[in-house]
Amino acid sequence: MADSEYAPPKVWTWNKPSGGRFASINRPIAGPTHEKELPVGRHPLQLYSLGTPNGVKVTILLEELLALGHAGAEYDAWLIRISDGDQFGSGFVAVNPNSKIPALLDRSGPGPIRVFESGSILVYLAEKFGAFLPAQAAARAECLSWLFWQVGSAPYLGGGFGHFYAYAPVKIEYAIDRFAMEVKRQLDVLDRRLAQSEYVAGPEYTIADMAIFPWYGGLAKGWSYGAAEFLSVHEYRNVQRWADLLLERPAVRRGRMVNRISGEPSSQLHERHDARDFETRTQDKLSAAK
Ligand SMILES: N[C@@H](CCC(=O)N[C@@H](CS)C(=O)NCC(=O)O)C(=O)O
């Protein structure tokens, strides 16, 4: 049946798979599907994640904190394979009832503290270590405004544009047009801001940059959905300038490797338990050692 002929029933029921990539993990109910404890390593912070844009925001911040000398930011990054349904294990759901990566357990205090939602994790860690979130009221407000701009905007990029352009089982012109228009508008918002300011929230590098970079920097650099040409991302020159600036940072480069399961084997560090893992435990090194 063509889309225009679809007449929604009175009550929606879950009677067939939704189709498209990731259909196997979509379901209309929450809660665990199976019992599975989460592993716990030796560091104060336990991160359960995957190297997607939402996961990378947090590993960039952790690597930046360590680069600043905050030893308390040492972390174990465990791999959650969402296409295998790891996010529906009982241990993961206890840390994030929303069953999505990233999820953090802070075990540095008297009792573990769970933190979920990537934006919330960024604020929690920035406040805990007093870094990358300005203290002065106006600068802090600007940083949090851009951080929440990312949290509110990216679902239109990922769930809207990315889904209908790259993952849906059918190409629907109406949906692709609608979300391409919105994503180009968002890129223009960012481009105009970055024409006035070195970093997104002002002259300082903050958690707003770390949140926005994996989504919109990644789109600008052609890493997302094979859509660089379609969206003419080269036209957003200030976004390009800023993305290149962030890519020069060693902590950003390390953060992008953690929990990554695609791309060059030398860029994939499936789990990170020690700073030396970047030198010794990337997939190319592990394969060579076999
Ligand atoms: N708003 C959430 C979104 C997290 C999210 O969508 N995570 C995706 C991967 S990027 C996920 O875990 N998907 C698994 C699923 O939907 O079952 C955040 O920012 O943390």
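Here, every reference points to the structure presented above.
Described below are features of the structure shown in this document. (Residues numbered from 1 in each chain as written. Predicted model: local features only at pLDDT ≥ 70, side-chain atom pairs only at ≥ 80, totals over all residues.)

Another aspect to go through is the overall build of the protein chain. Of regular secondary structure, the protein chain possesses ten helices and four strands. Secondary structure elements of the protein chain, listed N to C terminal, follow the sequence β-α-β-α-β-β-α-α-α-α-α-α-α-α. Compactness check: the protein chain gives a C-alpha radius of gyration of 20 Å against a globular reference of 19 Å for 290 residues, within 12% of the reference. Viewed in the frame of its principal axes, the protein chain has a C-alpha envelope of about 60 × 50 × 45 Å. Burial statistics for the protein chain: of 290 residues in total, 36% are counted as buried. (Helix = DSSP H or I, 4+ residues; strand = E, 2+ residues; numbered from the N terminus. Rg over C-alpha atoms; globule rule 2.2 N^0.38 Å. Buried ≥ 20, exposed ≤ 12 C-beta atoms within 10 Å, placed from the backbone.)

Below, the discussion takes up the site of the ligand. Around the ligand, the neighbouring residues are Ile25, Thr52, Asn54, Ile82, Gln87, Ser99, Lys100, Ile101, Glu117, Ser118 and Gly119. Here the shell around the ligand is composed, by residue class, of three nonpolar, six polar and two charged. (Near = placed C-beta within 6 Å. Nonpolar A, V, L, I, M, F, W, Y, C, P; charged D, E, K, R; others polar.)

This brings us to the pairing of strand S4 (residues 113-116). Where strand S3 (residues 103-106) and S4 come together, four bridges link them in antiparallel fashion. Residue pairing for S4: Leu104 is matched across the bridge by Val115. What sits between S3 and S4 in their antiparallel hairpin is a turn of six residues. (Pairing = 2+ DSSP bridges.)

In this section: the packing of helix H1 (residues 53-67) against helix H8 (residues 250-257). H8 packs onto H1 with a crossing angle of 135 degrees between their chain directions and a minimal axis gap of 8 Å. Comparing their axes, H8 and H1 come out oblique. Crossing geometry of H1 relative to H8 is assigned as right-handed. Touching Val56, Thr59, Ile60, Glu63, Glu64 and Ala67 of H1 are Pro250, Ala251, Val252, Arg254, Gly255 and Arg256, all from H8. Partitioning the contact of H1 with H8 into residue classes produces six nonpolar, two polar and four charged. (Axes fitted to C-alpha atoms, helices over the stretch in contact; angles between N-to-C directions. Parallel < 35°, antiparallel > 145°, perpendicular 65-115°, else oblique. Left-handed = near helix turned anticlockwise from the far one by under 90°. Contact = placed C-beta atoms within 7 Å.)

The four strands lie next to each other as S2-S1-S3-S4, forming an open sheet whose pairing is mixed. The open sheet terminates on both sides in strands that have one partner only, identified here as strand S2 (75-79) and S4. Across the sheet, the mean angle from the axis of one strand to that of its neighbour is 20 degrees, orientation sign disregarded. Judged from the five bridges that link them, strand S1 (residues 45-49) and S2 form a sheet pairing that is parallel. Across the sheet, Leu47 pairs through a bridge with Ala77, a residue of S2.

With that settled, consider the pairing of S1. Of all the five residues making up S1, five are buried; the element is thus mostly covered by neighbouring parts of the structure. Covered by surrounding structure in S1 are Leu45, Leu47 and Ser49 together with Gln46 and Tyr48, the residues of both alternating faces. Handedness of the crossover is the feature at issue here: the chain leaves S1, passes through H1, returns alongside S2, and the resulting connection is right-handed. Across four bridges, the pairing between S1 and S3 is antiparallel. Its bridge partner being in S3, Gln46 is matched across the sheet by Leu105. (Right-handed = clockwise from strand over helix to strand, strands pointing away.)

This part covers H1. With 15 residues, H1 extends 21 Å between its outermost C-alpha atoms, agreeing within 8% with the 21 Å of an ideal straight helix rising 1.5 Å per residue. Of the residues trailing H1, Gly69 is marked for its positive phi of about 100 degrees. (Expected span 1.5 Å × (residues − 1).)

Further remarks concern the nonpolar core. Side chains that are nonpolar tend, in soluble globular proteins, to be buried together. Ranked by internal contacts, the top residues of the largest apolar core, which has 67 residues, are Leu61, Leu122, Ile207, Ala208, Ile212 and Val239. Looking at which element gives the most residues to this core, the answer is helix H6 (residues 207-220), with ten residues. When residues no more than four places from it in sequence are discounted, the contact partners of Ala208 are Cys143, Trp146, Leu147, Val200 and Ala201. (Core = buried A, V, L, I, M, F, W, Y, C linked by C-beta atoms within 7 Å.)

On to the packing of H1 against helix H3 (residues 118-129). Two elements in contact, H1 and H3, have axes separated by 9 Å at closest approach and are oriented at 10 degrees. As far as their axial angle goes, H3 and H1 are roughly parallel. Residues Asn54, Lys57, Val58, Leu61 and Leu65 of H1 lie in contact with H3, whose contacting residues are Ser118, Ile121, Leu122, Leu125 and Phe129.

With that settled, the discussion passes to unusual backbone geometry. Cis geometry marks the peptide bond from Ile101 to Pro102; its omega dihedral reads 0 degrees. Relative to the helices and strands, Pro102 resides in the loop between helix H2 (90-95) and S3. Despite not being glycine, Ser99 shows a phi value in the positive range, around 50 degrees. Take Ser99: it is sitting in the loop between H2 and S3.

Inspection of the secondary structure assignment puts Gln268 in the loop between H8 and helix H9 (277-280). Measuring from C-alpha to C-alpha, the distance between Gln268 and Asp284 comes to 8.2 Å, with 16 residues separating the pair along the chain. With residues near it in sequence (within four places) discarded, Gln268 still touches Met257, Arg260, Ile261, Gly263, Thr282 and Gln283.

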